[in-house]
Amino acid sequence: MANAINTCFLLSLLVIFLTSSLASAAQYNVLSYGAKPDGRTDSTKAFLAAWTRACGSTSRSTIYVPPGRYSLRNVQFIGPCKNNAIVVRIDGSLLAPTNYWVIGNAASWISFQHVDGVSVSGGILDGHGSGFWGCKQSGKNCPSGATTLSLSNSKNIVISGLHSLNSQMFHIVVNGCRNVRIQGVKITASGTSPNTDGIHVQLSSGVRILNSKIGTGDDCVSVGPGTTNLWIENVVCGPGHGISIGSLGRDLKEPGVQNVTVKTVTFIGTQNGLRIKTWGRPSNGFVKNVLFQHAIMTNVQNPIVIDQNYCPDNKNCPGQASGVKISGVTYQDIHGTSATKVAVKFDCSKRSPCTGIRMENVRLTYNNQPAGASCNNADGTASGFIQPSSCL
(Lines give C-alpha, C1' and ligand atoms only; values in the text may rest on other atoms or scores of the structure.)
Protein backbone atom coordinates (compact mmCIF):
# COMPACT_ATOMS: atom_id res chain seq x y z
CA MET A 1 0.00 0.00 0.00
CA ALA A 2 2.82 2.38 0.92
CA ASN A 3 4.54 1.66 -2.39
CA ALA A 4 1.36 2.44 -4.31
CA ILE A 5 0.95 5.74 -2.44
CA ASN A 6 4.56 6.68 -3.14
CA THR A 7 4.15 5.84 -6.82
CA CYS A 8 1.02 7.98 -7.11
CA PHE A 9 2.76 10.83 -5.31
CA LEU A 10 5.74 10.67 -7.70
CA LEU A 11 3.46 10.57 -10.74
CA SER A 12 1.59 13.61 -9.45
CA LEU A 13 4.85 15.49 -9.01
CA LEU A 14 5.88 14.53 -12.57
CA VAL A 15 2.58 15.79 -14.02
CA ILE A 16 2.92 19.05 -12.08
CA PHE A 17 6.51 19.47 -13.28
CA LEU A 18 5.65 18.81 -16.92
CA THR A 19 2.60 21.08 -16.79
CA SER A 20 4.67 23.83 -15.19
CA SER A 21 7.43 23.43 -17.77
CA LEU A 22 5.03 23.61 -20.69
CA ALA A 23 3.30 26.63 -19.23
CA SER A 24 6.60 28.44 -18.76
CA ALA A 25 7.80 27.87 -22.33
CA ALA A 26 7.55 31.10 -24.33
CA GLN A 27 6.51 30.90 -27.99
CA TYR A 28 7.16 33.52 -30.66
CA ASN A 29 5.50 33.24 -34.06
CA VAL A 30 7.33 35.27 -36.72
CA LEU A 31 3.96 36.26 -38.22
CA SER A 32 3.24 38.18 -35.04
CA TYR A 33 6.25 40.37 -35.77
CA GLY A 34 5.35 41.19 -39.34
CA ALA A 35 6.79 38.30 -41.37
CA LYS A 36 4.97 37.67 -44.66
CA PRO A 37 4.87 34.12 -46.09
CA ASP A 38 4.49 35.40 -49.67
CA GLY A 39 8.05 34.78 -50.89
CA ARG A 40 8.49 38.47 -51.78
CA THR A 41 8.28 40.66 -48.67
CA ASP A 42 11.53 41.09 -46.76
CA SER A 43 10.89 39.42 -43.37
CA THR A 44 14.36 39.93 -41.91
CA LYS A 45 13.26 42.42 -39.24
CA ALA A 46 10.43 40.16 -38.12
CA PHE A 47 12.78 37.20 -37.62
CA LEU A 48 15.22 39.35 -35.68
CA ALA A 49 12.41 40.70 -33.50
CA ALA A 50 11.29 37.16 -32.65
CA TRP A 51 14.90 36.24 -31.85
CA THR A 52 15.31 39.26 -29.59
CA ARG A 53 12.29 38.20 -27.55
CA ALA A 54 13.31 34.53 -27.39
CA CYS A 55 16.91 35.32 -26.53
CA GLY A 56 15.86 37.80 -23.86
CA SER A 57 13.43 35.40 -22.20
CA THR A 58 14.45 33.59 -19.03
CA SER A 59 12.16 30.69 -19.99
CA ARG A 60 12.54 28.01 -22.63
CA SER A 61 11.53 29.59 -25.93
CA THR A 62 10.29 28.53 -29.34
CA ILE A 63 10.50 30.63 -32.48
CA TYR A 64 7.91 29.30 -34.89
CA VAL A 65 7.99 29.76 -38.67
CA PRO A 66 4.63 28.59 -40.10
CA PRO A 67 4.24 27.11 -43.60
CA GLY A 68 4.95 29.57 -46.39
CA ARG A 69 7.86 31.21 -48.18
CA TYR A 70 9.83 33.88 -46.33
CA SER A 71 12.32 36.20 -48.01
CA LEU A 72 15.35 37.04 -45.86
CA ARG A 73 18.45 39.13 -46.29
CA ASN A 74 21.51 38.12 -44.29
CA VAL A 75 20.50 37.72 -40.65
CA GLN A 76 22.59 37.20 -37.49
CA PHE A 77 21.14 35.56 -34.40
CA ILE A 78 23.57 36.64 -31.70
CA GLY A 79 23.89 35.59 -28.07
CA PRO A 80 24.56 35.01 -25.32
CA CYS A 81 20.92 34.62 -24.35
CA LYS A 82 19.16 34.59 -20.99
CA ASN A 83 18.12 30.96 -21.48
CA ASN A 84 19.84 27.95 -22.99
CA ALA A 85 16.82 26.24 -24.55
CA ILE A 86 15.69 27.98 -27.74
CA VAL A 87 13.98 25.97 -30.46
CA VAL A 88 13.68 27.40 -33.96
CA ARG A 89 10.94 25.34 -35.60
CA ILE A 90 10.63 25.92 -39.35
CA ASP A 91 7.61 24.55 -41.20
CA GLY A 92 8.15 26.82 -44.20
CA SER A 93 10.91 27.82 -46.62
CA LEU A 94 13.44 30.60 -46.11
CA LEU A 95 14.55 32.24 -49.35
CA ALA A 96 17.75 34.17 -50.01
CA PRO A 97 17.50 37.12 -52.42
CA THR A 98 17.75 36.08 -56.06
CA ASN A 99 20.16 38.99 -56.60
CA TYR A 100 23.33 37.33 -55.32
CA TRP A 101 24.98 40.70 -54.58
CA VAL A 102 22.54 41.36 -51.72
CA ILE A 103 24.14 38.77 -49.43
CA GLY A 104 27.20 37.89 -51.51
CA ASN A 105 29.72 39.78 -49.38
CA ALA A 106 28.11 39.04 -46.01
CA ALA A 107 30.12 35.81 -45.40
CA SER A 108 26.97 34.11 -44.10
CA TRP A 109 23.31 34.31 -45.01
CA ILE A 110 21.98 32.93 -41.71
CA SER A 111 24.28 32.74 -38.68
CA PHE A 112 24.10 31.82 -35.01
CA GLN A 113 26.88 33.32 -32.89
CA HIS A 114 27.76 32.91 -29.20
CA VAL A 115 24.67 30.86 -28.39
CA ASP A 116 24.13 27.90 -26.06
CA GLY A 117 21.34 25.35 -26.32
CA VAL A 118 19.77 26.28 -29.67
CA SER A 119 17.91 23.72 -31.81
CA VAL A 120 16.86 24.32 -35.41
CA SER A 121 14.39 21.80 -36.80
CA GLY A 122 12.77 21.31 -40.19
CA GLY A 123 12.34 23.69 -43.05
CA ILE A 124 14.03 24.50 -46.33
CA LEU A 125 16.85 27.03 -46.70
CA ASP A 126 17.04 28.06 -50.36
CA GLY A 127 20.24 30.00 -51.02
CA HIS A 128 19.37 30.75 -54.69
CA GLY A 129 23.02 30.17 -55.50
CA SER A 130 22.86 29.39 -59.22
CA GLY A 131 23.30 33.02 -60.31
CA PHE A 132 26.37 33.34 -58.11
CA TRP A 133 27.85 30.09 -59.48
CA GLY A 134 27.37 31.39 -63.00
CA CYS A 135 29.15 34.61 -62.10
CA LYS A 136 32.14 32.71 -60.70
CA GLN A 137 32.35 30.37 -63.65
CA SER A 138 32.20 33.28 -66.12
CA GLY A 139 35.23 35.00 -64.59
CA LYS A 140 33.31 38.24 -64.03
CA ASN A 141 33.63 40.50 -61.02
CA CYS A 142 31.70 38.65 -58.30
CA PRO A 143 31.14 38.92 -54.54
CA SER A 144 33.00 36.50 -52.29
CA GLY A 145 29.89 34.40 -51.67
CA ALA A 146 27.89 33.48 -48.59
CA THR A 147 27.57 30.34 -46.47
CA THR A 148 23.92 29.42 -45.99
CA LEU A 149 24.02 28.48 -42.29
CA SER A 150 26.93 29.35 -40.01
CA LEU A 151 27.37 28.26 -36.40
CA SER A 152 30.23 30.01 -34.63
CA ASN A 153 31.59 30.17 -31.08
CA SER A 154 28.57 28.28 -29.78
CA LYS A 155 27.79 25.08 -27.88
CA ASN A 156 25.05 22.49 -27.39
CA ILE A 157 23.48 22.98 -30.81
CA VAL A 158 21.13 20.62 -32.67
CA ILE A 159 20.28 20.94 -36.38
CA SER A 160 17.69 18.37 -37.49
CA GLY A 161 15.41 17.69 -40.44
CA LEU A 162 16.73 20.66 -42.40
CA HIS A 163 17.03 20.84 -46.21
CA SER A 164 19.69 23.23 -47.47
CA LEU A 165 19.29 23.94 -51.16
CA ASN A 166 21.61 25.72 -53.63
CA SER A 167 23.88 27.61 -51.27
CA GLN A 168 26.14 30.25 -52.81
CA MET A 169 29.16 28.72 -51.06
CA PHE A 170 29.33 26.22 -48.17
CA HIS A 171 25.93 25.02 -46.94
CA ILE A 172 26.66 24.56 -43.22
CA VAL A 173 29.79 25.71 -41.38
CA VAL A 174 30.60 24.77 -37.78
CA ASN A 175 33.40 27.02 -36.50
CA GLY A 176 34.70 27.26 -32.94
CA CYS A 177 31.85 25.20 -31.47
CA ARG A 178 31.39 22.44 -28.89
CA ASN A 179 28.79 19.69 -28.78
CA VAL A 180 26.95 20.08 -32.09
CA ARG A 181 24.63 17.43 -33.52
CA ILE A 182 23.54 17.62 -37.17
CA GLN A 183 21.07 14.88 -38.03
CA GLY A 184 18.55 13.99 -40.68
CA VAL A 185 19.58 16.83 -42.96
CA LYS A 186 19.47 16.93 -46.74
CA ILE A 187 21.92 19.12 -48.64
CA THR A 188 21.48 19.65 -52.36
CA ALA A 189 23.31 21.58 -55.07
CA SER A 190 24.37 20.96 -58.65
CA GLY A 191 27.32 18.63 -59.10
CA THR A 192 29.02 21.40 -61.06
CA SER A 193 28.48 24.14 -58.46
CA PRO A 194 31.82 25.50 -57.18
CA ASN A 195 32.80 25.43 -53.49
CA THR A 196 29.42 24.30 -52.26
CA ASP A 197 30.72 22.00 -49.49
CA GLY A 198 27.87 20.35 -47.63
CA ILE A 199 29.12 20.58 -44.04
CA HIS A 200 32.45 22.10 -43.02
CA VAL A 201 33.81 21.67 -39.48
CA GLN A 202 36.82 23.51 -38.02
CA LEU A 203 38.19 24.52 -34.62
CA SER A 204 35.40 22.49 -33.04
CA SER A 205 34.99 19.47 -30.76
CA GLY A 206 32.21 16.99 -30.16
CA VAL A 207 30.48 17.41 -33.54
CA ARG A 208 28.23 14.56 -34.73
CA ILE A 209 26.87 14.32 -38.28
CA LEU A 210 24.23 11.60 -38.54
CA ASN A 211 21.66 10.07 -40.91
CA SER A 212 22.02 12.63 -43.69
CA LYS A 213 22.13 12.82 -47.47
CA ILE A 214 24.52 15.25 -49.13
CA GLY A 215 24.98 15.95 -52.84
CA THR A 216 26.93 19.04 -53.93
CA GLY A 217 29.64 20.30 -56.25
CA ASP A 218 32.39 19.99 -53.62
CA ASP A 219 33.10 17.97 -50.47
CA CYS A 220 30.07 16.40 -48.84
CA VAL A 221 31.83 16.90 -45.51
CA SER A 222 35.12 18.78 -45.12
CA VAL A 223 37.19 18.79 -41.95
CA GLY A 224 39.38 21.78 -41.19
CA PRO A 225 42.17 22.50 -38.69
CA GLY A 226 41.47 22.20 -34.98
CA THR A 227 38.73 19.54 -35.31
CA THR A 228 38.63 16.94 -32.53
CA ASN A 229 36.20 14.19 -31.56
CA LEU A 230 34.22 14.27 -34.80
CA TRP A 231 31.73 11.47 -35.48
CA ILE A 232 30.17 10.97 -38.94
CA GLU A 233 27.73 8.08 -39.37
CA ASN A 234 25.14 6.91 -41.88
CA VAL A 235 25.77 9.56 -44.51
CA VAL A 236 25.08 9.17 -48.23
CA CYS A 237 27.38 11.28 -50.41
CA GLY A 238 26.97 12.07 -54.09
CA PRO A 239 27.50 13.95 -56.24
CA GLY A 240 30.51 15.69 -54.75
CA HIS A 241 34.16 15.34 -53.82
CA GLY A 242 33.65 12.88 -50.98
CA ILE A 243 34.46 13.20 -47.28
CA SER A 244 37.72 15.09 -46.84
CA ILE A 245 40.00 15.79 -43.94
CA GLY A 246 41.60 18.96 -45.25
CA SER A 247 42.93 20.69 -46.91
CA LEU A 248 45.34 21.17 -44.00
CA GLY A 249 48.75 22.72 -43.65
CA ARG A 250 48.12 25.93 -45.48
CA ASP A 251 49.64 27.82 -42.55
CA LEU A 252 52.93 27.12 -40.81
CA LYS A 253 51.33 27.13 -37.36
CA GLU A 254 48.04 25.29 -37.42
CA PRO A 255 46.06 23.17 -34.91
CA GLY A 256 45.80 19.51 -35.79
CA VAL A 257 42.91 17.11 -36.42
CA GLN A 258 42.39 14.09 -34.18
CA ASN A 259 39.87 11.49 -33.05
CA VAL A 260 37.73 11.33 -36.18
CA THR A 261 35.33 8.44 -36.90
CA VAL A 262 33.59 8.03 -40.26
CA LYS A 263 31.40 4.93 -40.42
CA THR A 264 28.55 3.41 -42.40
CA VAL A 265 28.85 5.84 -45.31
CA THR A 266 27.91 5.45 -48.97
CA PHE A 267 29.55 7.19 -51.91
CA ILE A 268 27.80 7.27 -55.29
CA GLY A 269 29.66 8.60 -58.33
CA THR A 270 31.84 10.97 -56.32
CA GLN A 271 35.23 12.34 -57.29
CA ASN A 272 36.76 10.96 -54.10
CA GLY A 273 35.65 8.70 -51.31
CA LEU A 274 37.68 8.91 -48.10
CA ARG A 275 40.36 11.57 -48.52
CA ILE A 276 43.04 13.29 -46.45
CA LYS A 277 44.47 16.35 -48.19
CA THR A 278 47.32 18.63 -47.12
CA TRP A 279 49.20 21.49 -48.70
CA GLY A 280 52.69 20.74 -50.00
CA ARG A 281 54.50 23.23 -47.78
CA PRO A 282 55.91 23.45 -44.22
CA SER A 283 53.45 23.18 -41.34
CA ASN A 284 53.31 21.92 -37.76
CA GLY A 285 49.82 20.49 -38.32
CA PHE A 286 48.88 16.85 -37.84
CA VAL A 287 46.21 14.21 -38.40
CA LYS A 288 45.98 11.30 -35.98
CA ASN A 289 43.60 8.66 -34.69
CA VAL A 290 41.22 8.42 -37.65
CA LEU A 291 38.87 5.49 -38.32
CA PHE A 292 37.15 5.00 -41.68
CA GLN A 293 34.80 2.06 -41.19
CA HIS A 294 32.07 0.35 -43.21
CA ALA A 295 32.04 2.36 -46.45
CA ILE A 296 30.44 1.39 -49.74
CA MET A 297 31.78 2.90 -52.96
CA THR A 298 29.86 2.93 -56.24
CA ASN A 299 31.77 4.17 -59.29
CA VAL A 300 34.02 6.45 -57.24
CA GLN A 301 36.98 7.95 -59.08
CA ASN A 302 39.42 7.86 -56.13
CA PRO A 303 37.97 5.73 -53.32
CA ILE A 304 40.86 6.01 -50.83
CA VAL A 305 43.26 8.95 -51.02
CA ILE A 306 45.99 10.60 -48.99
CA ASP A 307 47.33 13.57 -50.94
CA GLN A 308 50.10 15.56 -49.28
CA ASN A 309 51.01 17.53 -52.38
CA TYR A 310 47.95 19.76 -52.69
CA CYS A 311 48.86 23.09 -54.27
CA PRO A 312 46.06 24.52 -56.43
CA ASP A 313 47.88 27.65 -57.52
CA ASN A 314 51.36 26.11 -57.98
CA LYS A 315 52.82 29.35 -56.62
CA ASN A 316 52.90 29.12 -52.84
CA CYS A 317 54.32 25.62 -52.55
CA PRO A 318 56.33 24.64 -55.65
CA GLY A 319 58.64 21.74 -54.92
CA GLN A 320 58.00 21.83 -51.17
CA ALA A 321 57.04 18.86 -49.01
CA SER A 322 54.11 18.89 -46.62
CA GLY A 323 55.00 19.16 -42.95
CA VAL A 324 51.64 17.80 -41.76
CA LYS A 325 52.21 14.57 -39.82
CA ILE A 326 49.64 11.85 -40.62
CA SER A 327 49.51 8.84 -38.31
CA GLY A 328 47.12 6.25 -36.95
CA VAL A 329 44.64 6.07 -39.84
CA THR A 330 42.56 2.87 -40.20
CA TYR A 331 40.50 1.77 -43.21
CA GLN A 332 38.19 -1.06 -42.22
CA ASP A 333 35.57 -2.87 -44.29
CA ILE A 334 35.68 -0.67 -47.38
CA HIS A 335 33.93 -2.26 -50.37
CA GLY A 336 32.73 -1.30 -53.83
CA THR A 337 33.75 -0.15 -57.28
CA SER A 338 36.34 2.32 -58.49
CA ALA A 339 35.95 4.39 -61.66
CA THR A 340 39.75 4.34 -62.07
CA LYS A 341 42.33 1.56 -62.15
CA VAL A 342 44.14 2.78 -59.04
CA ALA A 343 41.65 2.83 -56.17
CA VAL A 344 44.05 3.37 -53.28
CA LYS A 345 46.52 6.26 -53.47
CA PHE A 346 48.79 7.08 -50.55
CA ASP A 347 50.91 9.99 -51.76
CA CYS A 348 52.58 11.01 -48.53
CA SER A 349 55.29 13.53 -47.81
CA LYS A 350 59.02 12.79 -47.86
CA ARG A 351 59.40 15.30 -45.06
CA SER A 352 56.66 13.74 -42.89
CA PRO A 353 55.88 10.19 -44.09
CA CYS A 354 52.53 8.66 -43.17
CA THR A 355 52.85 6.12 -40.36
CA GLY A 356 50.53 3.67 -38.67
CA ILE A 357 48.26 3.21 -41.70
CA ARG A 358 46.09 0.11 -41.26
CA MET A 359 43.96 -1.57 -43.91
CA GLU A 360 41.52 -4.29 -42.87
CA ASN A 361 39.10 -6.05 -45.20
CA VAL A 362 39.29 -3.63 -48.11
CA ARG A 363 37.77 -4.83 -51.37
CA LEU A 364 37.65 -2.45 -54.35
CA THR A 365 37.29 -3.43 -57.98
CA TYR A 366 37.63 -1.77 -61.37
CA ASN A 367 35.75 -3.27 -64.34
CA ASN A 368 35.09 -6.43 -62.31
CA GLN A 369 38.79 -6.89 -61.65
CA PRO A 370 40.87 -6.03 -58.56
CA ALA A 371 41.76 -2.35 -58.64
CA GLY A 372 45.32 -1.13 -58.16
CA ALA A 373 47.08 0.61 -55.30
CA SER A 374 49.91 3.12 -55.08
CA CYS A 375 51.99 4.07 -52.03
CA ASN A 376 54.63 6.76 -51.60
CA ASN A 377 56.24 7.39 -48.20
CA ALA A 378 53.52 5.42 -46.38
CA ASP A 379 54.08 2.77 -43.74
CA GLY A 380 51.57 0.48 -42.10
CA THR A 381 49.92 -2.93 -42.11
CA ALA A 382 47.26 -4.81 -44.02
CA SER A 383 45.12 -7.69 -42.77
CA GLY A 384 42.06 -9.68 -43.70
CA PHE A 385 40.92 -9.81 -47.32
CA ILE A 386 42.66 -7.00 -49.19
CA GLN A 387 41.79 -6.21 -52.79
CA PRO A 388 43.68 -4.47 -54.32
CA SER A 389 46.81 -6.03 -52.86
CA SER A 390 48.21 -3.72 -50.24
CA CYS A 391 51.19 -1.58 -51.16
CA LEU A 392 52.01 -0.83 -47.54
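Thresholds, definitions, all that
- Residues numbered from 1 in each chain as written.
- Predicted model: local features only at pLDDT ≥ 70, side-chain atom pairs only at ≥ 80, totals over all residues.
- Heavy atoms only, no water.
- UniProt positions renumbered as here; feature names shortened; annotations may be inferred.
- 1 Å grid on protein atoms, 1.4 Å probe; cavity = no way out; pocket = protein on both sides within 12 Å on 5 of 7 lines; lining within 4 Å.
- Points joined across faces, edges and corners; volume = space filled by probe spheres on them.
- Helix = DSSP H or I, 4+ residues; strand = E, 2+ residues; numbered from the N terminus.
- Nonpolar A, V, L, I, M, F, W, Y, C, P; charged D, E, K, R; others polar.
- Contact = heavy atoms within 4.5 Å.
- Polar contact = N/O pair within 3.5 Å; in protein donor to acceptor, adjacent residues only side chain to side chain.
- Pairing = 2+ DSSP bridges.
- Disulfide = S-S within 2.5 Å.
- Buried < 20%, exposed > 50% of the residue type's maximum accessible area, 1.4 Å probe, protein only.

The name given to the chain in an unreviewed UniProt entry is Polygalacturonase-like, with the source organism recorded as Salix purpurea. Quoted straight from UniProt, the Subcellular location (unreviewed entry) entry for the chain says "Secreted, Cell wall". Recorded in UniProt for the chain, the comment headed Sequence similarities (unreviewed entry) runs: "Belongs to the glycosyl hydrolase 28 family."

### Things to note about the layout of surface pockets
When its volume is computed, the largest pocket comes out at roughly 400 Å³. Broken down by element, the lining of the largest pocket gets its largest block of residues, three residues, from strand S23 (residues 272-279). In the lining of the largest pocket, the residues fall into six nonpolar, seven polar and eight charged. The computed volume of the second largest pocket comes to approximately 210 Å³. Tallied by class, residues from the lining of the second largest pocket come to four nonpolar, six polar and no charged.

### Things to note about empty space enclosed by the protein
All told, the structure shown has one cavity of 30 Å³ or more when counted by the stated rule. Computed from the structure, the largest cavity encloses a volume of approximately 140 Å³. Lining the largest cavity are 15 residues, with Phe77, Val88, Ile90, Leu94 and Phe112 sitting closest to its centre. Residues that form the lining of the largest cavity fall into these classes: 15 nonpolar, no polar and no charged.

### Concerning the UniProt feature "active site" (unreviewed entry) in the chain
Following the UniProt record, the feature "active site" (unreviewed entry) maps to His241 here. Not counting chain neighbours up to four residues away, the residues in contact with histidine 241 comprise Gly217, Asp218, Asp219, Gln271, Asn272 and Arg275. Reaching out from histidine 241, the side chain makes a polar contact with the backbone oxygen of glycine 217 at a distance of 3.3 Å.

### Quick word on the pairing of strand S24 (residues 286-300)
Sheet topology note: the strand S22 (residues 257-268)/S24 ladder contains 10 bridges and is parallel. Across the sheet, threonine 261 pairs through a bridge with leucine 291, a residue of S24. Alignment of S24 against strand S26 (residues 325-338), held across 11 bridges, turns out to be parallel. If you follow alanine 295 over to S26, its bridge partner there is isoleucine 334.

### Let's talk about the state of the cysteines
Here the structure, examined in full by the defined rule, presents five disulfides. At a sulfur-sulfur separation of 2.0 Å, the disulfide partner of cysteine 348 is cysteine 354. Measuring handedness by torsion sign, the sulfur bridge of cysteine 348 and cysteine 354 sits at about -100° and is left-handed. Each sulfur in the disulfide pair cysteine 375 and cysteine 391 lies 1.8 Å from the other. Measuring the twist about the S-S bond at about 60°, one finds the cysteine 375-cysteine 391 disulfide to be right-handed. Taken together, the residues span a long stretch of sequence, with cysteine 375 in strand S30 (residues 372-376) and cysteine 391 in the segment after strand S31 (378-387) at a distance of 16 residues. On the basis of relative accessibility, which here comes to 29%, the residue cysteine 391 falls in the partly exposed class. Distance from the sulfur of cysteine 177, which forms no disulfide, to the nearest cysteine sulfur (cysteine 81) is 14 Å. Under the relative-accessibility criterion, cysteine 177 is labelled buried at 1%.

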